[in-house]
Amino acid sequence: MALDIDNKFSNDLHFKKSKAAHYNNIGNIYKSLKNFETALQRYKTAYHLARDGESEALKRNDSVIVKGFDTVLCNASMNLGYVYEKQVR
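Just so we're clear, the structure is a prediction, and the values are computed from it rather than from any experiment. (Residues numbered from 1 in each chain as written. Predicted model: local features only at pLDDT ≥ 70, side-chain atom pairs only at ≥ 80, totals over all residues. Heavy atoms only, no water.)

**Student:** Would you mind going over the overall build of the protein chain with me for this structure?
**Tutor:** Within the protein chain one finds five helices and zero strands. Going from the N terminus to the C terminus, the protein chain shows its helices and strands as α-α-α-α-α. The buried share of the protein chain, taken over its 89 residues, is 28%. Of the contacts formed within the protein chain by residues at least 6 apart in sequence, a portion of 49% connects residues at least 24 apart. Accessible area for the protein chain stands at about 5,900 Å²; split by element, carbon and sulfur atoms hold 55% of it. (Helix = DSSP H or I, 4+ residues; strand = E, 2+ residues; numbered from the N terminus. Buried < 20%, exposed > 50% of the residue type's maximum accessible area, 1.4 Å probe, protein only. Contact = heavy atoms within 4.5 Å. Areas by Shrake-Rupley, 256 points an atom, 1.4 Å probe, with all protein chains shown as cover.)

**Student:** Can you walk me through the confidence of the model for the protein chain in this structure?
**Tutor:** Detailed conclusions should not be drawn from predicted coordinates in areas where pLDDT is low. Overall, the prediction assigns the protein chain a mean pLDDT of 78, with 66% of residues at 70 or greater. For the protein chain, per-element mean pLDDT is lowest for helix α4 (residues 56-59), which scores 52, and highest for helix α3 (residues 36-51), which scores 91. (pLDDT = per-residue confidence, 0-100.)

**Student:** Just checking my understanding: could you explain the nonpolar core for this structure?
**Tutor:** Generally speaking, a soluble globular protein has its nonpolar side chains buried in company with each other. Within the largest apolar cluster, six residues are counted, these being Phe-36, Ala-39, Leu-40, Tyr-43, Leu-80 and Val-83. Looking at which element gives the most residues to this core, the answer is α3, with four residues. Excluding residues within four positions of it along the chain, Tyr-43 makes contact with Asn-24, Gly-27, Asn-28, Lys-31, Ala-76, Asn-79, Leu-80 and Val-83. (Core = buried A, V, L, I, M, F, W, Y, C linked by side-chain atoms within 4.5 Å.)

**Student:** When you look at the packing of aromatic side chains in this model, what are you seeing that I'm missing?
**Tutor:** For any pair of aromatic rings, geometry is given as the distance between the ring centres together with the angle between the planes. Throughout the structure, instances matching the rule amount to zero aromatic pairs. The residue whose ring lies beneath Lys-31 is Tyr-82, and the NZ or CZ to ring-centre distance is 4.8 Å. (Phe/Tyr/Trp six-rings, centres within 6.5 Å; stacked < 30°, edge-to-face > 60°. Lys NZ or Arg CZ within 6 Å of the ring centre and 35° of its normal.)

**Student:** Got a minute to help me understand the environment of Asn-35 in this structure?
**Tutor:** One can find Asn-35 in the loop between α2 (13-32) and α3. Under the relative-accessibility criterion, Asn-35 is labelled partly exposed at 29%. As a C-alpha pair, Asn-35 and Val-83 span 48 residues in sequence and 9.5 Å in three-dimensional space. Within the local environment of Asn-35, its side chain forms a polar contact with the side chain of Thr-38, the two groups lying 3.0 Å apart. (Polar contact = N/O pair within 3.5 Å; in protein donor to acceptor, adjacent residues only side chain to side chain.)

**Student:** When you look at α3 in this model, what are you seeing that I'm missing?
**Tutor:** Along an α-helix, residues three or four apart share an orientation, since each turn contains 3.6 residues. Taking 1.5 Å of rise per residue, the 16 residues of α3 would be expected to cover 22 Å, and the 22 Å separating its terminal C-alpha atoms lies within 8% of that figure. For α3, the complete set of buried residues consists of Phe-36, Thr-38, Ala-39, Leu-40, Tyr-43, Ala-46 and Ala-50. (Expected span 1.5 Å × (residues − 1).)

**Student:** For this particular structure, what's the right way to read the side chain of Asn-79?
**Tutor:** With respect to the helices and strands, the residue Asn-79 is situated in helix α5 (residues 69-88). Of the residues examined, Asn-79 reaches a relative accessible area of 11% and is grouped as buried. A polar atom in the side chain of Asn-79 sits 3.0 Å from the side chain of Asn-24. Not counting chain neighbours up to four residues away, the residues in contact with Asn-79 comprise Asn-24, Asn-28, Lys-31 and Tyr-43.

**Student:** Would you take a moment to explain the side chain of Asn-24 for this structure?
**Tutor:** Within the fold, Asn-24 resides in helix α2. By relative accessible area, which is 5% here, Asn-24 ends up buried. Each residue touching Asn-24, except ones within four places of it in the same chain, is listed here: Tyr-43, Ala-46, Asn-75, Ala-76 and Asn-79.

What follows is the structure, encoded as structure tokens:
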């Protein structure tokens, strides 16, 4: 449902950040169900949305505070690594 709401505002930067976080969270659900292939797809979507977004921290040249897209990018990256590791085993 959250993705449906965000899709209505797809051009708004705030909702793109929210959408990336939703995909990461959906990936977490699939990961907990050990459906690693679907989790991987959701994490990749989250990663690409976050990677292509604008970072509030980077706009201010503030390397200490990481928020917004940076946070989702970090989370999606860690989750991708976890799923890749599970698929290798």
